[in-house]
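# Chain and residue survey
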Amino acid sequence: MYIDIDANPTGSQVSPLASFQVVDVKVYAVGGTLKDIFAKGTYSAVNHALSATLPMGSVAIVAGQSYDVKCHGLQTGKTLAGTLTFAGQAGGDYQFTGVLQPAMADAAAQDTGTSDLVPTLSDVPWRNFALGGGIDAVTGESSAGSALEAFRTAPSRSSETLESLDVLVDFESVREKIEVSTQGSYNIGSVTLDQSNDYLGEIQQSAVEMTYIAEYRARDAEYAEPPEAGYRLTEAARKLAADPAAFRRSFGDYFVATRKEASVFRAVYALKAKSSSELQSFKSSVGVSVEGLFSQKGSAGFESEAARLGIEISLEVRMIGIADIAGQPPVATPSDIPAALAWFKKHRVGTPWLARLEHYSRLIPGYPTTVDVPPRVFVELRQLYALLWQVRVMYHSLPAFYAGTTGPDFIAFDSGVTAHQSSLANDKARRDRLASQGRKLLDTLTRIRARQRLLEDVLAARANEPGQGHKQEATHGAVFWSHGVTFSPDPENIQIAKTTLSVHEGYRIGWRKQTLHFADPARIVVGWEVRSNWTDGSNGFWEQGAPSNLGNDNAAVFVQSDYDRGYDWTVSYYHVAAADYQHFDAQ
């Protein structure tokens, strides 16, 4: 018998992306002044096309005209620049064509300079703001007092209702949801849970978990109207404005000018199956829609199908903006949702939801519209906060053992960012240290997640093994059989070794028999293959020699020749280190 061991079976190759994300997209008149800023975008290096979204204010650019554009790569933080033509708006995206190239600035220049502050920031999530209150763009903090005389806004004259459903089936969909939910400008971003993003703490995502977020929202269609007399500085603030630096220390860069109100009914369904195949069966058999989840028939069908497949449902309901908090109906199962939503619609009241911030230069002629923070710093902060939210979601989806082992590192990173948010813009050493901690922790969580998914797939594949003692004849048309996972789906995080056993004997009276056996208590078999090296149909048969080869530290295949014939068989076992897989719930 011949044994061959290959520690690195060849896996699939991944091609580099042809497009990448950018942030802080600034659009200037050619050789002139700043026109617009967009929070983010996607640039295609193949088509030379930029799609920008989330404008930070009213858009002043004109279709068909060319503009100087500067932005930063989301992953690299490096500055890109070029002269692009604005092609127009498509949906919520603003389309540009032209070539973006690395800006002609060295690394040192990236860490110096100032950042322009746009006159207006719209759709800022309401975080314990107060009308007239000041906001510091660099620290993200609200001022203790207001520079403005007290004022009242007139309620919005129009409202609208929306229903939405987010289905988070993989980490890419979770990442996209995080990006939308935690978007901020400058350092006015959220690193803590609030009413607009508290559902992020409920997301469960792995190979056997998925999350549905169903939401009903009634909201103002327009911002509340500004005071008829306009915004006015207090007498003390007018005097302090003579010293812009002192004014900024007291009241920041922006004031809260107006708001939109909303009331929100949000149901978060966290599903956990016993295997990835059961979860896939659920997704295939249930046509989930927000209308269905909010109806008696649809919610009952959702619940019964989950029960049929043995899928656990954890349900969290949040009602934001209600007049009778104590009277909220209990919600224990999906079937309770329709009645709870009907109650909510009768008792909802508006609560502050979005803010519009105006820069003080609107009230103080000549007030500085820049801060002494390089644009790259705000890019780094956005990257750090996005990293924090990704780590949070992955950590809260961990099996209990790994949540314990990674807990100290998670707490250190999470608290390190949240406790120092106000000083991070001016503390490069801390930013770099936290970013390094976060990336290291994310790598660890990604590795754990990859191994968990592999083990779940392997255990699910047991159902497709032929079973011990079930003969598999080597015929003219059947010479190769494969079970389980035979190449690494993630070579960076999962190392699969291969052990090959072969047996070959020529003609002799009677039968040739051999059990090709793998046993190693330090390894777990994740895949196995059988190959008949004779293709003329005279090689006999093989049988699985153990109740299950997959997910165990020993496996066997029995082979036998035809009478008075020789045989030639090869069996390969694919295995991973057992120590990396012994603490998952799936086992």
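Everything discussed here concerns the structure shown above.
Residues numbered from 1 in each chain as written. Predicted model: local features only at pLDDT ≥ 70, side-chain atom pairs only at ≥ 80, totals over all residues. Heavy atoms only, no water.

Position of R431 among the secondary structure elements: in helix 12 (residues 428-461). A distance of 2.9 Å separates a polar side-chain atom of R431 from the backbone oxygen of L424. (Helix = DSSP H or I, 4+ residues; strand = E, 2+ residues; numbered from the N terminus. Polar contact = N/O pair within 3.5 Å; in protein donor to acceptor, adjacent residues only side chain to side chain.)

For the rest of this paragraph, the subject is a nonpolar patch on the surface. A grouping of Y507, I509, W511 and Y563 is seen on the molecular surface, where their side chains present a nonpolar patch of about 540 Å² in accessible area. Its relative accessible area of 46% is what places Y563 among the partly exposed residues. (Patch = residues over 30% accessible without salt bridge, like charges linked within 9 Å, V, L, I, M, F, W, Y side chains within 5 Å. Areas by Shrake-Rupley, 256 points an atom, 1.4 Å probe, with all protein chains shown as cover. Salt bridge = Lys/Arg side-chain N within 4 Å of Asp/Glu carboxyl O. Buried < 20%, exposed > 50% of the residue type's maximum accessible area, 1.4 Å probe, protein only.)

Turning our eyes to something else, we now look at the nonpolar core. Core analysis: the largest hydrophobic core is formed by 76 residues, its most contacted members being Y186, Y254, L357, F413, V417, W569 and Y573. Of all hydrophobic cores here, the second largest spans 28 residues; its members include F265, Y269, F294 and L341. (Core = buried A, V, L, I, M, F, W, Y, C linked by side-chain atoms within 4.5 Å.)

Mapping F20 onto the fold places it in strand 2 (residues 19-29). Looking at F20, the relative accessible area reads 34%, which means it is partly exposed. Expressed as a C-alpha distance, the spacing of F20 and G73, which sit 53 residues apart in the sequence, is 7.5 Å. Ignoring anything within four residues of it in the chain, the contact list for F20 reads G41, T42, Y43 and L80. (Contact = heavy atoms within 4.5 Å.)

Scanning the entire structure with this criterion turns up 18 salt bridges. Among the ionic pairs, D253 bridges to R248, the shortest N-O distance being 2.7 Å. We note a salt bridge from R356 to E358, for which the minimum N-O separation is 3.5 Å. What makes E358 buried here is its relative accessible area of 6%. Taken together, the salt bridges that share partners define one network made up of D136, R248 and D253.

One can find S488 in the loop between strand 20 (480-484) and strand 21 (497-505). One polar contact links the side chain of S488 to the main-chain amide nitrogen of D490, over a distance of 3.2 Å. Reaching out from S488, the side chain makes a polar contact with the backbone oxygen of I494 at a distance of 2.8 Å. Residues contacting S488, with those up to four places away along its chain left out, are I494 and I496.

Even without being a glycine, H48 presents a positive backbone phi close to 55°. Turning to its location among the elements, H48 is positioned in the loop between strand 3 (34-44) and strand 4 (49-55).

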